[in-house]
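# Structural overview for review
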Amino acid sequence: MKLIVLLFAAIWAPSVLVAELKSIQLHSYKHWSVDYVFSDEGEGWNACVMEVRGDGIALSLNIDGNMNADLQVFDAAADYSGWKSGRKFQLQIDRHPRWDMPANGRGNSLFVDLSGPNDWKRVDRLLYEIRQGLKLYVYQYGEREEYYWFSLRGSMAAANAIVEKCFAYLEEYPTTKSEPTPKTPPKRDEPVPGLFSSLYELKKEETSAGSVVYFNGTISRGFSNALKQLGDFDYLVIEQSNGGLLGEALAAGQFLRQREIATSIDGACASACVELYAGGVKRYYSDKAKFGVHAMAVDGDETSLSTTQKMLSERVKYFEAGGVDSRIVLDSLDTPSHELRWLSHDQAVEYGLIE
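### As for the packing of aromatic side chains
- Under the definition given, this model contains nine aromatic pairs.
- Centre to centre, the rings of Tyr36 and Phe38 are 5.2 Å apart; their planes meet at 20°, and the pair counts as stacked.
- Taking relative accessible area as the criterion, Tyr36 reaches 0% and is therefore assigned buried.
- Note on Phe38: relative accessible area 0%, which makes it buried.

The following block contains the structure:
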């Protein structure tokens, strides 16, 4: 198990010995990972850890089963034992405004407690910016030169994984837990507060052309219901999306058709986003629009033959009902689920996605 996880457990679960901790890795891509960490000893303890690693350094977002959140900066060469409690450092994603982070130091790590009643909005926003960003910088408070920096390539997949995979495991403790099975995690009755919405952003505005909803992010669990709860609107503008859950995209697209809502794309629209866009009764696009397609996947793997046939049939019927050539479904099978094929303008026109 990684040192970053062990230190986190030692701070948050003092009754749990390091040797007693277990972990299940749910996601690993580039220098990002998502782990479910737990202990069966005593009253039990469990947490989700999303971590990005560098050369001897790491940054992790840690959320335990009682919804305590913690941000941790780890440096193998540093000693933060003399760090004054509450002293600040700063985070910056790309060149957005810096985040002030009052921290506590212990050993090689700085810890920021994000468990307050108003902190979930901060966690939400931070996770959203990390997903969208290219680089994350760590500064000593007020300094101009960064102390560390991390590449955020792969952060979108990691953020998706902590929400869609790891949060299903979390349970309140104290509790006696047996080791869970990664393929069939227990389901929570209620979603983790706020964090499902951190995968996407929906913003409604009234304009001279009508009521417009702007969408940016990943089509995740609850997306179609969130769209319905916005009330009446005339246009859905997709600013950028890497896709997401196919079932949610189809449900949202059906809703758009029932309400006779138009769609517009102003950036990259990949995977299930194409289905969402195709739900518009009228479809508009800008010069920056591009569409990416690939074979379907479930939990990151190609689906079984029977499931594939069923989903193919649903997608074919869905596209045909929207006036889109169903060949777009069959042609996408040539591209593996972990890759994307970007359609040219002529191909998008030929399929009937755009005019």
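### Quick notes on the pattern of salt bridges
- Tallying each qualifying case throughout the model produces six salt bridges.
- A salt bridge links Arg53 to Glu51; the nearest nitrogen and oxygen atoms lie 3.4 Å apart.
- Using a relative accessible area of 28% as the deciding quantity, one classes Arg53 as partly exposed.
- Judged by its relative accessible area of 1%, Glu51 is buried.
- Its salt-bridge partner being Glu275, residue Arg315 comes within 2.6 Å of it at the nearest N-O pair. Of this pair, Arg315 sits in helix α7 (residues 305–321) while Glu275 sits in helix α6 (residues 272–278), and the two are 40 residues apart along the sequence. Residues Arg315 and Glu275 agree in their burial class; the two are buried.

### A short note on the state of the cysteines
- Counting across every chain of the model gives two disulfides.
- Residue pairing for Cys48: its cysteine sulfur links by disulfide to Cys166, the two sulfurs lying 2.1 Å apart. Of note, the bridge from Cys48 to Cys166 carries an S-S torsion of about -100° and is left-handed in sense. With Cys48 in strand β3 (residues 45–53) and Cys166 in helix α3 (residues 155–166), the pair connects residues that are 118 residues apart, well separated along the chain.

### Side note on the side chain of Glu51
- Among the structural elements, Glu51 can be located in strand β3.
- Of the polar contacts made by the side chain of Glu51, one reaches the side chain of Arg53; its length is 3.4 Å.

### Quick word on the sheet that holds strand β6 (residues 88–93)
- With antiparallel pairing, four strands are arranged side by side in an open sheet as β7-β6-β10-β11. The open sheet has two edge strands, β7 (99–102) and β11 (148–151), and neither has a second partner. Across this sheet, the average inter-strand angle for adjacent strands is 20°, counted without regard to direction.
- Sheet topology places β6 next to strand β10 (residues 135–140); five bridges connect them, and they run antiparallel. Considered in β10, the bridge of Gln92 is made with Tyr137.

### Overview of the nonpolar core
- Residues Leu71, Phe89 and Leu136 are the most contacted members of the largest nonpolar core, which totals 47 residues.
- Counting residues per element, this core draws most heavily on α3, which supplies six residues.
- In contact with Leu71, other than residues within four places in its own chain, are Leu59, Ser60, Leu61, Leu91, Met101, Leu110, Phe111, Val112, Leu114 and Leu126.
- The next biggest cluster of nonpolar side chains, apart from the first, holds 40 residues, and it includes Ile219, Met311, Ile328 and Leu353.

### Remarks on unusual backbone geometry
- The backbone of Lys30 shows a phi angle near 55°, a positive value even though the residue is not glycine.
- What makes Lys30 partly exposed here is its relative accessible area of 43%.
- Even without being a glycine, Ser271 presents a positive backbone phi close to 55°.
- With respect to the secondary-structure elements, Ser271 resides in the loop between β16 (268–270) and α6.

Criteria and thresholds
- Residues numbered from 1 in each chain as written.
- Predicted model: local features only at pLDDT ≥ 70, side-chain atom pairs only at ≥ 80, totals over all residues.
- Heavy atoms only, no water.
- Phe/Tyr/Trp six-rings, centres within 6.5 Å; stacked < 30°, edge-to-face > 60°.
- Buried < 20%, exposed > 50% of the residue type's maximum accessible area, 1.4 Å probe, protein only.
- Salt bridge = Lys/Arg side-chain N within 4 Å of Asp/Glu carboxyl O.
- Helix = DSSP H or I, 4+ residues; strand = E, 2+ residues; numbered from the N terminus.
- Disulfide = S-S within 2.5 Å.
- Polar contact = N/O pair within 3.5 Å; in protein donor to acceptor, adjacent residues only side chain to side chain.
- Pairing = 2+ DSSP bridges.
- Axes fitted to C-alpha atoms, helices over the stretch in contact; angles between N-to-C directions.
- Core = buried A, V, L, I, M, F, W, Y, C linked by side-chain atoms within 4.5 Å.
- Contact = heavy atoms within 4.5 Å.

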